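Summary of the model geometry
Spelled out from the first residue to the last, the chains are:
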Amino acid sequence: MDSTDNCQSVPVQPPDGRDCTGKSVQQAVPTTPAAVDPPALVLLVHASDTVPDACEELCGGETAHLSVTFADEEPSCPTEEEISGRFGQLTIGNVLADDSAPDFTQSVVTETVPDPTDLTAIGIAVSRFCKHWGDTDEGLTVCFDSLDALLRHTPPADVFQFTHVLANRFASVDAHAHVHFDPTHHEDRVVSAFSVLFDAVVAADCDEPLPEATDEDVASMLAEWTDTALIDSEQDAISEATDEEIERLLGD
Ligand SMILES: [Zn+2]
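Residues numbered from 1 in each chain as written. Predicted model: local features only at pLDDT ≥ 70, side-chain atom pairs only at ≥ 80, totals over all residues.

Structural notes on the environment of leucine 43
For clarity, the cut-off: Numbering of helices and strands starts at the N terminus; helices are DSSP runs of H or I of at least 4 residues and strands are runs of E of at least 2. Residue burial here comes from a neighbour count, namely the number of other C-beta atoms, placed from the backbone, that lie within 10 Å of the residue's own C-beta, with 20 or more meaning buried, 12 or fewer meaning exposed, and in between meaning partly exposed. With C-beta atoms placed from the backbone, a contact is any residue pair whose C-beta atoms sit within 7 Å.
Along the chain, the position of leucine 43 falls in strand β2 (residues 41-45). According to the C-beta neighbour criterion, leucine 43 is buried, with 25 such atoms within 10 Å. For the pair leucine 43 and valine 201, spaced 158 residues apart in the sequence, the C-alpha separation amounts to 4.7 Å. In this structure, leucine 43 is in contact with Val179, Phe181, Phe194, Ser195, Phe198 and Val201, ignoring residues within four places of it in sequence.

Below you can see the structure in the form of structure tokens.
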């Protein structure tokens, strides 16, 4: 009798494209800007000391463009002559800027939210750009820089809810938006949990593979963050968000 029949040692290989550590059903697989079908909400993952080409690739050409920037000083804006569409600069930080109301009849519009922890004010300011520019033929593109800046000032559960409200606001006007995120100082499961809010994840200039948390990890984190039931129960209301509703949803 041939005893080797009972003791095969053929290694069992998982089929291509799968791993043995757990399936990633909720988490977006990283893609490239060219593969993103606009309008979409894109999480742009990269180290914060660089501005990846993907940022510009996701911004499009003759559009209304909103740039949201956390800064210590007011970023420079293009002049009316330099742009073909419209350009909005929303600066978050104490930059001593002129605090008059933005004039949306101009092609270059600036606004400032001095307090980076004031998610309600940030949400309303972004929503106002959506309201004025979201329904134009040009289409609205948004660069939000960045999620890690938000997380420096505010607990992740609040930032998650804020991002969710914003995602629905962008979707309501078919904005093509991307949000920068440097994952360096965050747990894998935080990065993974945020990625579920986005249509696509683009990893730019990244040698390291994106962190992958297990579904259980992500699910428990999301359960913790969505505990207040705001997100599930009011999803429909959020997608029709007006400034007042944003204030109500994000306000205390
Ligand atoms: Zn960008």
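So that's the structure; there's more coming.
Considerations on the environment of aspartate 115
Checked against the element boundaries, aspartate 115 lands in the loop between β5 (108-113) and α2 (119-133). Residue class for aspartate 115 comes out partly exposed when judged on the 13 C-beta atoms lying within 10 Å of it. Along the sequence, aspartate 115 and glycine 93 sit 22 residues apart, while their C-alpha atoms lie 5.8 Å from each other.

Concerning the nonpolar core
Put simply, the test is: By convention the nonpolar core is taken to be a set of buried residues drawn from Ala, Val, Leu, Ile, Met, Phe, Trp, Tyr and Cys and joined through C-beta atoms within 7 Å.
By size, the foremost hydrophobic cluster in this structure holds 57 residues, and its most contacted members are Val42, Leu43, Leu44, Val142 and Val202. For this core, the element with the most residues is α2, which contributes seven residues. Here leucine 44 is in contact with Pro52, Ala54, Cys55, His178, Val179, His180, Phe181, Val202 and Ala204, once residues within four sequence places are set aside.

Examining the environment of threonine 112
Topologically, threonine 112 is positioned in strand β5. Given 20 C-beta atoms within 10 Å, threonine 112 falls into the buried group. Through-space distance from the C-alpha of threonine 112 to that of glutamate 74 is 8.7 Å; in sequence the pair is 38 residues apart.

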